[in-house]
Amino acid sequence: MSNESHDLKRDLKARHLNMIALGGSIGTGIFLAMGDTLHQAGPGGALLAYGLIGIMVYFLITSLGEMATYMPISGSFSSYATKFIDPALGFALGWNYWYNWAITIAAEMVAGSLIMKYWFPNIPGLYWSILFLTIIVGLNFLSAKAYGESEYWFAGIKVVTIIVFLIIGVLMIIGVMGSDDVGFHNYFIADGPFHGGLKSVFAIFLIAGFSFQGTELIGVAAGESENPEKTIPKAIKSIFWRILIFYLGTIIVLGAIIPFTQASVYQSPFTMVFEKAGIAGAASLMNAVILTSVLSAGNSGMYASTRMLYSMAKDGLAPKVFAKTNNRGVPVNSLILTTLVASACFLTGIFAESTVYVWLVSASGLAGFIAWVGIAICHYRFRKAYVHQGHDIKDLKFKAKWYPFGPVLALIMCLIIILGQGYSCITPSGIDWNSLIASYIGIPLFLALYLGYKLKHKSKVVSLDEVDLTFD
């Protein structure tokens, strides 16, 4: 039975944390959406958009890394907001992040069932979704180590796929492997690398932001890592290289091999490259990898949401029943509620696909960016309070570079993305009001959580003198 005397266990080893950091944001954004980004903005436009978002994410994750190394708790930025800024902000950020991942689990279950139709067109998708949800719940029910180990292998498959892709791509570009398209002439066809100009770059800017969501998982995993002072800085440093090599390298290779006029959202650009290279069964291979990505995202979503709910219960921001853990250190009640909510969202995907489900997914999309805004503000306040209370910056085990420029730039870029959500809904022929409202639905939800808590509990912004920098 669940017992409150147990706590989370520090079962995540350095290799688990490195792979969570490395594989956290590698998903359908890179395997599927990359084709659409190329088609919309051309290779140069896609490279510029992903490069800018990469810089923003790097600053955000180093900010989170500094706080997580100093104070490794599973509530991460929700707990930091409560301690460093205002409990109302911690409450809103925590619940916002929790429902973000709960909805994402449902979306990934739908995606998984669609992928299985490729191999088993006659079996109803619902059966696959139930099977995948059972696997994910089972892994998370076992222990943090089971989550870490499964994520290690899920992420490993994705990483290996991208490395193999980059090697084959380079060999094709220099003319060693089976393709006539040698060199970089695709960058200069039609209207050059920047197809559609700045408008297209901005549209890709939003897609690129979604592709990178999940990198902040390392902050949540910090609460169960074996030796956070050593493992977190290492994992954070690997993120920079992942952004550089995986995302930008992939765009450069894809842009050289596939003319942007041929790229689309309907076929994985990876499949197109493997087929051009003459690799048999390329479509099946990539479908299997994309399925791995879907399971990985669902697995991470279940982990992140249960830990966030557990941590909020510990901080008094959620009912205490969700702070209970079993003897393996798993917050079982949090896991049960998250599974129920994910299942309810999944059912709306079947019965109200074009209405409720679209709104749910739109709300969860913005939630990730709101969490990133929270990270930037928390880091700014953390540093201010740390210095104000007489501590020396040199004593920090991991320091984010370019403070305060880093978090301030990341904050401004995140706000631009949040405000620019509805950009694609405004066309020369008019405004698509349904889509526009769906794009911004996450903002009133967040404000309702924040203002509701503030009005009920009359919470105030914590003064720099009273910021709680202790951790036990």
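Analysis parameters
Residues numbered from 1 in each chain as written. Predicted model: local features only at pLDDT ≥ 70, side-chain atom pairs only at ≥ 80, totals over all residues. Heavy atoms only, no water. Helix = DSSP H or I, 4+ residues; strand = E, 2+ residues; numbered from the N terminus. Buried < 20%, exposed > 50% of the residue type's maximum accessible area, 1.4 Å probe, protein only. Contact = heavy atoms within 4.5 Å. Lys, Arg positive; Asp, Glu negative; His and termini not counted. Charge placed at Lys NZ, Arg CZ, Asp CG, Glu CD. Axes fitted to C-alpha atoms, helices over the stretch in contact; angles between N-to-C directions. Parallel < 35°, antiparallel > 145°, perpendicular 65-115°, else oblique. Left-handed = near helix turned anticlockwise from the far one by under 90°. Nonpolar A, V, L, I, M, F, W, Y, C, P; charged D, E, K, R; others polar. pLDDT = per-residue confidence, 0-100. Phe/Tyr/Trp six-rings, centres within 6.5 Å; stacked < 30°, edge-to-face > 60°. Lys NZ or Arg CZ within 6 Å of the ring centre and 35° of its normal. Patch = residues over 30% accessible without salt bridge, like charges linked within 9 Å, V, L, I, M, F, W, Y side chains within 5 Å. Areas by Shrake-Rupley, 256 points an atom, 1.4 Å probe, with all protein chains shown as cover. Salt bridge = Lys/Arg side-chain N within 4 Å of Asp/Glu carboxyl O. Core = buried A, V, L, I, M, F, W, Y, C linked by side-chain atoms within 4.5 Å. Expected span 1.5 Å × (residues − 1). Bend = angle between axes of the 7 residues up to and from the residue.

Asks: I'd like to hear about the overall build of the protein, residue by residue, with values.
Replies: Counting its secondary structure elements, the protein contains 17 helices and two strands. Expressed along its principal axes, the backbone C-alpha trace of the protein runs to roughly 65 × 50 × 50 Å. Residue burial in the protein is summarised as follows: out of 472 residues, 57% are buried. Taking all contacts inside the protein whose residues are at least 6 apart in sequence as the whole, residues at least 24 apart take part in 81%. The distance from the centre of the 30 positive side-chain charges to the centre of the 26 negative ones in the protein is 6 Å.

Asks: A description of the packing of helix α1 (residues 14-23) against helix α7 (residues 144-173) should follow, citing residues and the corresponding values.
Replies: Viewed as axis vectors pointing N to C, α1 and α7 meet at an angle of 50 degrees, and their least axial separation amounts to 8 Å. The angle between α1 and α7 falls in the class oblique. The two elements α1 and α7 meet at a crossing, and its hand is left-handed. From α1, Arg15, His16, Met19, Ile20, Leu22 and Gly23 reach across to α7, where they touch Lys145, Tyr147, Gly148, Glu149, Glu151, Tyr152, Ala155, Gly156, Lys158 and Val159. A per-class count over the contact of α1 with α7 returns seven nonpolar, four polar and five charged.

Asks: I'd like a description of the environment of Ala283, backed by residues and values.
Replies: Positionally, Ala283 belongs in helix α12 (residues 282-314). For the pair formed by Ala283 and Leu133, sequence separation is 150 residues and the distance between their alpha carbons is 25 Å. Setting aside anything within four residues of it in sequence, one finds Ala283 in contact with Tyr118, Thr271 and Glu275.

Asks: Describe in detail the confidence of the model for the protein, supporting the description with residues and values.
Replies: In the predicted model, the protein carries a mean pLDDT of 85, and 94% of its residues have values of at least 70. When mean pLDDT is taken per element in the protein, helix α17 (residues 442-457) scores highest with 94 and α1 scores lowest with 76. Counting interchain partners and residues more than four positions distant, the pLDDT-below-50 stretch residues 1-5 has seven contacts.

Asks: Help me get a handle on the packing of aromatic side chains, residues and values and all.
Replies: Under the counting rule described, the total for this entry stands at 28 aromatic pairs. Relative to Tyr247, the ring of Phe212 lies with its centre 4.3 Å away and its plane at 35 degrees, an arrangement referred to as tilted. Pair noted here: Phe212 is in the loop between α8 (197-211) and α9 (217-221) and Tyr247 is in helix α10 (residues 228-257), with a separation of 35 residues, a long-range link. Residue classification places Tyr247 among the buried residues on the basis of a relative accessible area of 0%. When the ring of Phe369 is compared with that of Trp372, the centres are 5.5 Å apart and the planes differ by 90 degrees; the resulting orientation is edge-to-face. Of this pair, Phe369 and Trp372 both sit in helix α14 (residues 356-388), three residues apart, which is roughly one turn of the helix. By way of ring pairs, the aromatic residues Tyr70, Tyr80, Phe84, Phe382 and Tyr386 are connected into one cluster. The side chain of Arg15 reaches across the aromatic face of Tyr152, ending 4.7 Å from its centre.

Asks: Which residues make up a nonpolar patch on the surface, and what values do they have?
Replies: Together, Tyr118, Trp119, Phe120, Ile123, Leu126, Tyr127, Ile130, Leu347, Ile350 and Phe351 make up a nonpolar patch on the protein surface, roughly 980 Å² of accessible area in all. For Leu347, the location among the structural elements is in helix α13 (residues 332-351).

Asks: Lay out the environment of Lys234 with the relevant residues and their values.
Replies: For Lys234, the position within the fold is in helix α10. Along the primary structure Lys234 and Ala21 are separated by 213 residues, whereas in three dimensions their C-alpha atoms are 9.7 Å apart.

Asks: Can you break down the nonpolar core residue by residue, with the values?
Replies: Phe31, Tyr50, Met56, Tyr80, Phe84, Tyr97 and Trp372 are the most contacted members of the largest nonpolar core, which totals 144 residues. Counting residues per element, this core draws most heavily on helix α5 (residues 87-116), which supplies 17 residues. Ignoring anything within four residues of it in the chain, the contact list for Tyr97 reads Phe77, Glu216, Leu217, Val220, Ala304, Met308 and Ala371.

Asks: Now, about unusual backbone geometry: what can you tell me, with residues and values included?
Replies: The peptide bond linking Tyr403 to Pro404 adopts the cis configuration, its omega dihedral lying at 0 degrees. By the secondary structure assignment, Pro404 is in the loop between α14 and α15 (405-419). One non-glycine residue, Trp402, lies in positive phi territory at about 60 degrees. With respect to the secondary-structure elements, Trp402 resides in the loop between α14 and α15. Positive phi, normally seen in glycine, also occurs at Lys458, with a value near 50 degrees. Mapped onto the secondary structure, Lys458 falls in the segment after α17. The exposure class assigned to Lys458 is exposed, which follows from its relative accessible area of 61%.

Asks: Break down helix α3 (residues 33-70) for me, with residues and values.
Replies: Spanning 38 residues, α3 covers only 36 Å between terminal C-alpha atoms, well under the ideal 56 Å at 1.5 Å per step. Of all the bends in α3, the greatest reaches close to 110 degrees and is centred on Gly42; the proline Pro43 follows between one and four positions later. Counting buried residues along α3, 30 of its 38 residues qualify, which places the element largely inside the surrounding structure.

Asks: So what's going on with the packing of α5 against α12? Which residues, and what values?
Replies: Contact pair α5 / α12: the axes reach a minimum separation of 8 Å and the direction vectors enclose 155 degrees. Classed by the angle they form, the pair α5 and α12 counts as roughly antiparallel. The two elements α5 and α12 cross, and the hand of that crossing is left-handed. In the contact of α5 with α12, the residues fall into 19 nonpolar, six polar and one charged.

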